[in-house]
Amino acid sequence: MKIAIVEDEEIHSSLLQQYISAWGGARGKSVHVNIYENAANFLFHLEDNAPDAVFADIQMPGMNGMEMIRRLREKDGEMPVVFTSGLSDYLQEGYEVQALHYLLKPIAEEKVFECMDRICSRKGARKLITIRTLDGMARLDLREVNYCEADGHYSRLVLADGSEIRVMMSISELEKELIREAFVKCHRCYLCNLENVKQIAENLCIFDNGASAPVSRRLYRELNRRFIEYYRRQL
């Protein structure tokens, strides 16, 4: 799970990062936090490093947080946004841009935990990746991917709807890119998405839509362990 913090004061961004990391530890979730010192920096990196949610300070030098989120909404109407501020003056504007929550400073750890729980439980919480395909750059929700298959120097991403995307990354490069996500090697040429796995048989990984990917004898035990571990964390 990727979280962006946009905050110009280091004391506040560090504390918020600490609370979010503590939430990840308490909930058994893998959380990666990126901190941006201003709105322009966040928007510049948005396309290549889109987060699952953003905690945005409102009062910042240059473009303020409210204007930043208005620009975000032109491209993305669903990303969960939590505003942070020392003033309550912007509450109404926060609702206008569909903010998930509005936290007043000093921010309490339990309030951050509540926000992270809401972000995690939202149906719209996504796992986005920007990836180079044969047709150019594409933005993809990883929840839609059942498995990745080696295809020469490239790879095929097979989606839950049966479609495929050929990407300009080897299977080993994809494994490094997806190491923080629910993707696990099930065969030397395959990565499977545990989020979409229904059952692991002796030589097959079976997905919710009935599709399957091969499981090697060497990787079966570790795959099964990771599968059980993953679903225990979801309870």
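Heads up: the structure comes first, above all this text.
Predicted, not measured: the structure shown is a model, and the values here were computed from it.

Definitions and limits used
One numbering rule holds for all chains: residues counted from 1, following each sequence as written. Under the rules for a predicted model, residues below a pLDDT of 70 receive no local features and side-chain atom pairs below 80 are neither given nor counted, while totals for whole chains, interfaces and linings still include all residues. Excluded from the side-chain calculations are hydrogens and water; all other atoms, namely the structure's heavy atoms, are used. Two strands pair under a simple rule: DSSP has to find at least two bridges between them. A helix here means a DSSP run of H or I that spans at least four residues, while a strand means a run of E at least two residues long, and both kinds are numbered starting from the N terminus. Between N-to-C directions, angles cover 0 to 180 degrees, with each direction set by a line fitted to C-alpha atoms, over the stretch in contact for helices. Only heavy atoms enter the contact rule, under which two residues are in contact if any of them lie within 4.5 Å. When a carboxyl oxygen of Asp or Glu is within 4 Å of a side-chain nitrogen of Lys or Arg, the pair counts as a salt bridge. For every residue, the accessible area obtained with a 1.4 Å probe (protein chains only) is divided by the maximum for its type, and the residue is called buried under 20%, exposed over 50%, and partly exposed between those limits. We call a set of buried residues a nonpolar core when its members are Ala, Val, Leu, Ile, Met, Phe, Trp, Tyr or Cys and they connect through side-chain atoms within 4.5 Å of each other. Take the number of residues in a helix, subtract one, and multiply by 1.5 Å to get its expected span. Residues form patches when they are more than 30% accessible in relative terms and have no salt bridge. Like charges link within 9 Å. Nonpolar side chains (Val, Leu, Ile, Met, Phe, Trp, Tyr) link within 5 Å. Only the protein chains shown count as cover for residues, and the accessible areas themselves come from Shrake-Rupley with a 1.4 Å probe. Positive charges come from Lys and Arg, negative ones from Asp and Glu, while His and the chain ends are left out of the count. The atoms used to mark charge sites are NZ of Lys, CZ of Arg, CG of Asp and CD of Glu. Each polar contact in these results corresponds to two N or O atoms within 3.5 Å; when the atoms are within protein, one needs to be able to donate a hydrogen and the other to accept it, and residues that are neighboring in sequence are counted only if both atoms are side-chain atoms. Classification of ring pairs uses Phe, Tyr and Trp, with its six-membered ring standing for Trp, and accepts pairs whose centres are within 6.5 Å; under 30 degrees between planes counts as stacked, over 60 as edge-to-face, and the remaining range as tilted.

**Concerning the sheet that holds strand 4 (residues 81-85)**
With parallel pairing, five strands are arranged side by side in an open sheet as 2-1-3-4-5. Looking at the sheet topology across the chains shown, the edges are occupied by strand 2 (32-36) and strand 5 (101-104). For this sheet the average axis-to-axis angle between neighbouring strands, irrespective of direction, equals 20 degrees. Direction of pairing for strand 3 (residues 53-57) relative to strand 4: parallel, over a ladder of four bridges. Within strand 4, the position partnered with Ala-56 by the bridge is Phe-83. Helix-sheet contacts for helix 3 (residues 65-75) involve strand 1 (2-6), strand 3 and strand 4, and the interaxial angle to strand 4 is about 170 degrees. Here helix 5 (residues 109-121) sits on the sheet and contacts strand 1, strand 3, strand 4 and strand 5; the angle it forms with strand 5, its principal contact strand, is near 165 degrees.

**Observations concerning the pattern of salt bridges**
According to the stated counting rule, one finds 13 salt bridges in the structure shown. Notably, a salt bridge pairs Arg-225 with Glu-229, separated by 3.2 Å at the nearest N-O pair. With Arg-225 and Glu-229 both in helix 7 (residues 217-234), this residue pair falls four residues apart, about one helical turn. On the accessibility criterion, Arg-225 (40% relative accessible area) is partly exposed. With relative accessibility at 33%, the residue Glu-229 sits in the partly exposed group. Residues participating in the shared-partner salt-bridge network are Glu-7, Asp-57 and Lys-105.

**Describing the nonpolar core**
Among the nonpolar cores identified, the biggest contains 21 residues, and Val-6, Phe-42, Val-54, Met-68, Ile-69, Leu-72 and Phe-83 are the most heavily contacted of them. Taken together, the elements giving at least two residues each to this core come down to strand 1, helix 2 (39-45), strand 3, helix 3 and strand 4. For this core, the leading source of residues is helix 3, giving four residues. Those residues within four positions of Met-68 in sequence are excluded, and the remaining contacts are Val-6, Ala-39, Phe-42, Leu-43, Ala-56 and Met-63. Formed by 19 residues, the second largest nonpolar core is a distinct cluster that contains Ile-3, Ile-5, Ile-107 and Cys-115.

**Re the sheet that holds strand 14 (residues 204-207)**
To summarise the sheet geometry, strands pair through backbone hydrogen bonds and adopt either a parallel or an antiparallel arrangement. Spatially, three strands are ordered 13-14-15 in an open sheet, and the strand pairing comes out antiparallel. Whereas interior strands pair on both sides, the edge strands pair on one side only; in this sheet they are strand 13 (197-200) and strand 15 (212-214). Averaged over all pairs of adjacent strands, the angle between strand axes in this sheet comes to 20 degrees, irrespective of strand direction. Direction of pairing for strand 14 relative to strand 15: antiparallel, over a ladder of three bridges. Across the sheet, the residue bridging to Leu-204 is Pro-214, located in strand 15.

**Observations regarding helix 1 (residues 10-27)**
Because an α-helix packs 3.6 residues into every turn, residues spaced three or four apart end up facing the same way. With 18 residues, helix 1 should reach 26 Å at 1.5 Å per residue; the first-to-last C-alpha distance of 26 Å fits that figure. Of the surrounding elements, those touching the buried residues of helix 1 are strand 1, strand 2, strand 3, strand 4 and helix 5. A positive backbone phi angle near 70 degrees is found at Gly-28, which sits one or two residues after helix 1.

**Some words on a negative patch on the surface**
A cluster of acidic residues, Asp-8, Glu-9, Glu-10 and Glu-37, forms a negative patch on the protein surface. With respect to the element layout, Glu-9 can be found in the loop between strand 1 and helix 1. The exposure class of Glu-9 is partly exposed, given its relative accessible area of 39%.

**Regarding the side chain of Asn-193**
Mapped onto the fold, Asn-193 is located in strand 12 (residues 190-193). For Asn-193, the side chain forms a polar contact with the main-chain oxygen of Leu-142, separated by 3.2 Å. Setting aside chain neighbours within four positions, we find Asn-193 in contact with Leu-142, Arg-143, Val-145, Asn-146, Ala-182, Phe-183 and Phe-207.

**Focus on the packing of aromatic side chains**
Taken as a whole, this structure holds three aromatic pairs when the rule is applied. Here Tyr-36 and Phe-42 contribute two aromatic rings whose centre-to-centre distance is 5.6 Å and whose plane-to-plane angle is 75 degrees, an arrangement assigned as edge-to-face. Grouping residues by exposure puts Tyr-36 and Phe-42 together as buried. In textbook terms, an aromatic cluster arises when at least three aromatic residues are bridged by ring pairs, as seen for Tyr-147, Tyr-190 and Phe-207.

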